Amino acid sequence: MRAQMNSLARHRGARMAAAIAVAGTAIAFGVPGGTSPGDAADRFVAGGPVTERSPVAADRAASALALAATVRSRLGLAEPTISRVERVVDRFDGTAYDEVTASDRAGRTLHLERFDARDRLIGAVEFGWQATGGTRLTNAAAAQTRGTRLAADLGLDPSGTPDVRQGPDDTGWTLTWARVVDGVAVMGDGVRVDLWPDGRMHAIVRTERSLAPRPSVTLDEATARDRATATLATMFGSRSGQVRISTLGLGWVAPNNAFDPTGPDAPGATLHLAWVVEARTSGELADGLRAVKLFLDAGTGTLFGGDVLR
Amino acid sequence: MAPDNYVHSHGYNYLYSGTTRDYGFKEDAGLCSGARTVFARDISAVRRGRTSNLVIMSTCYLGESGTTMPGAFAIAKTKAGWGAWAGPSFYLGYLGEAWDSDEYAFETRFWSAIGPGYGVGQAFDIAKLGSFNVGFGANWYGSYVWTGRAGPLPSGCTKCL
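Given the structure is predicted, the values throughout are model-derived calculations rather than measurements.

(A) Geometry of the overall build of chain B. The helix and strand tally for chain B stands at four helices and eight strands. Listing the helices and strands of chain B from first to last along the sequence gives β-β-β-β-α-β-α-β-β-α-α-β. Looking at chain B residue by residue over its 161 residues, the buried ones come to 55%. Excluding contacts between residues fewer than 6 apart, the proportion of contacts in chain B whose partners are at least 24 apart in sequence is 69%.

As structure tokens, then:
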């Protein structure tokens, strides 16, 4: 399995780049201003472990167990026979947390909870598949009410109106509160709550990554659009007529290797302010590629990542 | 263990013929356009009911509730949780439009989680505990408790971990 994953992950970046008909002209990639050398240290390398686990000191373990007991009580989760506490370093996200894993008498893992250095709940999941249960939530409004209350009870501090989606095959609901800082979206950050069909918690994630300082000067929208148009022309060459900018706005994003296979295998741990440009394809190009996303440094316009939608 | 079938490509519910649609993906032959569509029904016709253990469709749309792709690999569109068993099989796909970065992050965590104590279903749940674009969603069919080890197992096993 590991060998297969090595291959998959290692080649992913190359495939992302290869999916786009890159013209002969080279595209300038850059490291955003403010990126610390430590950002790249000890980061995930394709084929290597995502997490590193180690025991925690007794006092820290006791604290984590107490926190987990509180969460368990509020969520109505099963009492474990065995609880294990580990310090986990997540090399993919560049984060670290204490994880409490609860098991039953048979050794089956029932649920887990994760806590950050400030003792905040940052993740939880109840394992298993539970299509049945109590009375089902009847609609999105009911799911929103339930999820909002649950998030507040757990101190997740959700703000704003969540994105609410019903799962496939009537399998529950997902609510997402995106993180916004000074009016700018922090892409991928926020609070997500997955509910079983009857409104009980299935999973919770709170993501709040660090932000680099804002650039002293931010490119205006027109300049950013010009930079994006030029970058797309370089990427797509003679087929750039089949690519059209659909959205453009400021966002906090993690630098990545979407268009630079030689870059790190995991996104940067510190997010940078960027002009996030989404361009949709048409014609023959759309047969294999729906859209691309460019991350242009908000201060310099340099491309430092993006995304591909096949 | 290795995935029986892994596809990373453009997926959709394409027009098959006339007004008939079917789920499929674009063949990746290094072509950026004009690539052939591989339909679920074409795969079914070739495999003729031969079951796959693990199928990962790293594409858009092939995890939708209407997807026909699991059946192409003789994986029933059921979710067998604890105490249930749908055979040594697991199908993973994504909902709607899924960006590469989300698929990559999800699959990286999924593979990393499979191992002692965690089967494919638990690995799926752990993979969800990541940072994704709003609207990203994954779906699965098969046996939650399956270890992920390839090969046949006796049917009716309800305690396989």
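(B) Examining the overall build of chain A more closely. Assigned secondary structure in chain A consists of four helices and 14 strands. With 310 residues in all, chain A has 42% of them scored as buried. Within chain A, contacts between residues at least 6 apart in sequence are counted, and of these 61% link residues at least 24 apart.

(C) Region of interest: the domain arrangement of chain A. Residue and element names in this part refer to chain A. Looking at chain A, the domain boundaries give domain 1 (2–35 + 214–309) and domain 2 (51–211). Between domain 1 and domain 2, the residue contacts involve eight residues of the former and 12 residues of the latter. If you list the elements that add at least two residues to the side of domain 1 that touches domain 2, you get strand 11 (243–253) and strand 12 (270–281). The element contributing the most residues to the side of domain 1 that touches domain 2 is strand 11, with four residues. Within the side of domain 1 that touches domain 2, the residues separate by chemical class into six nonpolar, two polar and no charged.

(D) Main features of the interface of chain B and chain A. Listed per partner, the contact involves 48 residues of chain B and 49 residues of chain A. Among the secondary structure elements, those contributing two or more residues to the side of chain B that touches chain A are strand 1 (5–8), helix 3 (100–113) and helix 4 (120–127) of chain B. The dominant element in the side of chain B that touches chain A, judged by the number of residues it contributes, is helix 3 of chain B, at seven residues. Of the residues in the side of chain B that touches chain A, the class split is 20 nonpolar, 20 polar and eight charged.

(E) Just the sheet that holds strand 2 (residues 11–17) of chain B, in detail. All names here are of chain B. The three strands are arranged 2-3-4 in an open sheet whose pairing can be described as antiparallel. Across the chains shown, the open sheet's two edge strands, defined by having one partner strand only, are strand 2 and strand 4 (37–39). The mean angle between the axes of side-by-side strands here comes to 55°, regardless of whether they run parallel or antiparallel. Of the pairings in the sheet, the one linking strand 3 (residues 20–26) to strand 4 comprises three bridges and is antiparallel in character. Bridge pairing in strand 4 links glycine 24 to phenylalanine 39. Where helix 1 (residues 40–47) meets the sheet, its contacts fall on strand 3 and strand 4, and the angle it forms with strand 4 comes to roughly 60°.

(F) How the structure looks around the environment of phenylalanine 25 of chain B. All names here are of chain B. With respect to the element layout, phenylalanine 25 can be found in strand 3. Assessed through the 27 C-beta atoms surrounding it within 10 Å, phenylalanine 25 is described here as buried. In sequence terms phenylalanine 25 and alanine 76 are 51 residues apart; their C-alpha atoms lie 19 Å from each other. Setting aside its immediate chain neighbours within four residues, phenylalanine 25 contacts Val7, Ser9, His10, Gly11, Val38, Met57, Thr59 and Leu62.

(G) Quick look at the sheet that holds strand 1 of chain B. Residues and elements named next belong to chain B. A sheet is described by the order of its strands in space; here five strands give the open sequence 1-5-7-8-6, paired in mixed fashion. Because the sheet does not close on itself, it has two edges, and the strands there are strand 1 and strand 6 (79–80). Sheet analysis places strand 1 next to strand 5 (residues 54–58), joined by four bridges and oriented parallel. Bridging from a neighbouring strand, tyrosine 6 pairs with isoleucine 56 of strand 5.

(H) Focus on the pairing of strand 2 (residues 82–90) of chain A. Residues and elements named next belong to chain A. By the bridge criterion, four bridges tie strand 1 (residues 51–54) to strand 2 in an arrangement that is antiparallel. The partner of serine 54 across the bridge, within strand 2, is arginine 87. The sheet contact formed by strand 2 and strand 3 (residues 95–103) spans nine bridges and is antiparallel. Within the sheet, the bridge partner assigned to isoleucine 82 lies in strand 3 and is serine 103. The turn linking strand 2 back onto strand 3 is made up of four residues, and glycine 94 within it adopts a positive phi angle of 70°.

(I) Region of the structure containing helix 2 (residues 58–75) of chain A. Residues and elements named next belong to chain A. Taking 1.5 Å per residue, 18 residues should reach 26 Å; helix 2 reaches 25 Å between its end C-alpha atoms and fits that length. Buried-residue contacts for helix 2 involve strand 2, strand 3, strand 4 (109–115) and strand 5 (121–126). In the stretch just after helix 2, glycine 76 is the one whose phi turns positive, near 70°.

(J) Examining the pairing of strand 13 (residues 291–297) of chain A more closely. All names here are of chain A. Extensive coverage of strand 13 is indicated by the burial of six of its seven residues. Relative to strand 13, strand 12 is paired through seven bridges, and the arrangement is antiparallel. If you follow glutamate 278 over to strand 13, its bridge partner there is lysine 293. As judged from the six bridges shared by strand 13 and strand 14 (residues 303–309), these two strands associate in the antiparallel manner. Within the sheet, the bridge partner assigned to valine 292 lies in strand 14 and is valine 308. Hairpin connection, strand 13 to strand 14: the antiparallel pair is bridged by five residues, and glycine 301 has positive phi, about 85°.

(K) Summary view of the packing of helix 3 of chain B against helix 4 of chain B. Residues and elements named next belong to chain B. Contact geometry for helix 3 and helix 4: axes closest at 8 Å, N-to-C directions at 140°. Compared by their axis directions, helix 3 and helix 4 come out oblique. Crossing angle aside, the handedness with which helix 3 passes helix 4 is right-handed. Contacts between helix 3 and helix 4 involve Phe106, Arg109, Phe110 and Ala113 on the former and, on the latter, Gln122, Ala123, Phe124, Ile126 and Ala127.

(L) Fine view of unusual backbone geometry. For aspartate 157 of chain A, which is not glycine, the phi torsion reads 55° and is therefore positive. For aspartate 157 of chain A, the location among the structural elements is in the loop between helix 3 (140–153) and strand 6 (163–166). Given 12 C-beta atoms within 10 Å, aspartate 157 of chain A falls into the exposed group. Of note in this structure, tyrosine 61 of chain B is not a glycine but carries a positive phi near 70°. Looking at the element boundaries, tyrosine 61 of chain B is found in the loop between strand 5 and helix 2 (69–72).

Each value, and the rule that gives it
- Residues numbered from 1 in each chain as written.
- Chains lettered and ligands numbered in written order.
- Predicted model: local features only at pLDDT ≥ 70, side-chain atom pairs only at ≥ 80, totals over all residues.
- Helix = DSSP H or I, 4+ residues; strand = E, 2+ residues; numbered from the N terminus.
- Buried ≥ 20, exposed ≤ 12 C-beta atoms within 10 Å, placed from the backbone.
- Contact = placed C-beta atoms within 7 Å.
- Domains from an automatic or database assignment.
- Nonpolar A, V, L, I, M, F, W, Y, C, P; charged D, E, K, R; others polar.
- Pairing = 2+ DSSP bridges.
- Axes fitted to C-alpha atoms, helices over the stretch in contact; angles between N-to-C directions.
- Expected span 1.5 Å × (residues − 1).
- Parallel < 35°, antiparallel > 145°, perpendicular 65-115°, else oblique.
- Left-handed = near helix turned anticlockwise from the far one by under 90°.

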